[in-house]
Amino acid sequence: MVKGGRGGGSKKKAQSKSAKAGLTFPVARIGRALRTMRLAKRYGAGGPVYLTAVIEYMAAEVLELAGNAARDNKKSRIIPRHITLAVRNDEELNKFLGGVTVAQGGVLPNIHSVLLPKKSKKDA
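Residues numbered from 1 in each chain as written. Predicted model: local features only at pLDDT ≥ 70, side-chain atom pairs only at ≥ 80, totals over all residues. Heavy atoms only, no water.

Caption draft 1: Highlighting a nonpolar patch on the surface. Together, Ile111, Val114, Leu115 and Leu116 make up a nonpolar patch on the protein surface, roughly 450 Å² of accessible area in all. Along the polypeptide, leucine 116 turns up in the segment after helix H5 (91-96). For leucine 116, a relative accessible area of 44% corresponds to the partly exposed category. (Patch = residues over 30% accessible without salt bridge, like charges linked within 9 Å, V, L, I, M, F, W, Y side chains within 5 Å. Areas by Shrake-Rupley, 256 points an atom, 1.4 Å probe, with all protein chains shown as cover. Salt bridge = Lys/Arg side-chain N within 4 Å of Asp/Glu carboxyl O. Helix = DSSP H or I, 4+ residues; strand = E, 2+ residues; numbered from the N terminus. Buried < 20%, exposed > 50% of the residue type's maximum accessible area, 1.4 Å probe, protein only.)

Below you can see the structure in the form of structure tokens.
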């Protein structure tokens with residue numbers, strides 16, 4: 001009989017931090033990036049998990065809206081134009097990514113009302 005130790009001989013297969021948190025994005029890599037940026041002397045275990053969850057949510061939100069924009073344009077692939085259309089047509093994302101320029105994204109189609117031809121009374 002061997003005394004001591006934790007739980008005995010049943011070995012569990014190693015599980016990543018991302019798998020434990022139920023995330024797709026890499027928690028360990030983002031934690032390592034946080035440490036190398038030296039924003040604080042110490043980090044808790046939950047900080048990188050929370051940050052990873054936020055980044056994953058934002059990416060999923062943008063990709064969903066860009067996928068809808070691609071489908072509206074009858075395309076099967078998302079291109080930078082679809083990302084721009086998705087972000088600029090969503091009020092909250094537009095505010096959050098206000099200062100961001102997407103390369104090859106273009107601009108929203110918009111014609112100022114002053115430049116439109118005037119309606120005559122005969123047409124009405």
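Caption draft 2: The arrangement of the layout of surface pockets in detail. The computed volume of the largest pocket comes to approximately 150 Å³. Lys17, Val27, Ala28, Gly31, Arg32, Leu34, Arg35, Tyr43, Gly44, Ala45, Pro48 and Val49 are the residues that line the largest pocket. Of all the secondary-structure elements, those providing two or more residues to the lining of the largest pocket are helix H2 (27-37) and helix H3 (46-72). Counting residues per element, the lining of the largest pocket draws most heavily on H2, which supplies six residues. A per-class count over the lining of the largest pocket returns seven nonpolar, two polar and three charged. (1 Å grid on protein atoms, 1.4 Å probe; cavity = no way out; pocket = protein on both sides within 12 Å on 5 of 7 lines; lining within 4 Å. Points joined across faces, edges and corners; volume = space filled by probe spheres on them. Nonpolar A, V, L, I, M, F, W, Y, C, P; charged D, E, K, R; others polar.)

Caption draft 3: Broad picture of H2. Looking at H2, one finds that the buried residues are Val27, Ile30, Gly31 and Leu34. Projection of H2 onto a plane perpendicular to its axis shows the buried side chains occupying an angular sector of 105°, all on one side. Exposed residues on H2 whose side chains face more than 90 degrees from its buried face are Arg29 and Thr36. Packed against the buried residues of H2 are helix H1 (17-21) and H3. Once H2 ends, the next one or two residues include arginine 38, with phi positive near 55°. (Arc of directions from axis to C-beta. Contact = heavy atoms within 4.5 Å.)

Caption draft 4: Quick look at unusual backbone geometry. The residue arginine 38 is not glycine, and still its phi comes out positive at about 55°. A positive phi angle, close to 60°, is found at lysine 74, a residue other than glycine. Position of lysine 74 relative to the elements: it lies in the loop between H3 and helix H4 (80-89).

Caption draft 5: Focus on the side chain of threonine 84. Among the structural elements, threonine 84 can be located in helix H4. We classify threonine 84 as buried; its relative accessible area is 6%. Setting aside residues up to four positions removed in sequence, threonine 84 forms contacts with Val102, Gly105 and Gly106.

Caption draft 6: Examining the side chain of histidine 82 more closely. By the secondary structure assignment, histidine 82 is in helix H4. Only 3.4 Å separates the side chain of histidine 82 from the backbone oxygen of arginine 77, close enough to count as a polar contact. (Polar contact = N/O pair within 3.5 Å; in protein donor to acceptor, adjacent residues only side chain to side chain.)

Caption draft 7: Expanded view of the packing of H2 against H3. At their nearest, the axes of H2 and H3 sit 9 Å apart, and the two run at 110° to each other. It follows that H2 is roughly perpendicular to H3 by the angle criterion. Helix-helix and strand crossings are classified by hand; for H2 and H3 the assignment is right-handed. Across the interface between the two elements, Val27, Ile30, Gly31 and Leu34 from H2 touch Pro48, Val49, Leu51, Thr52 and Ile55 from H3. Here the contact of H2 with H3 is built from residues that sort into seven nonpolar, two polar and no charged. (Axes fitted to C-alpha atoms, helices over the stretch in contact; angles between N-to-C directions. Parallel < 35°, antiparallel > 145°, perpendicular 65-115°, else oblique. Left-handed = near helix turned anticlockwise from the far one by under 90°.)

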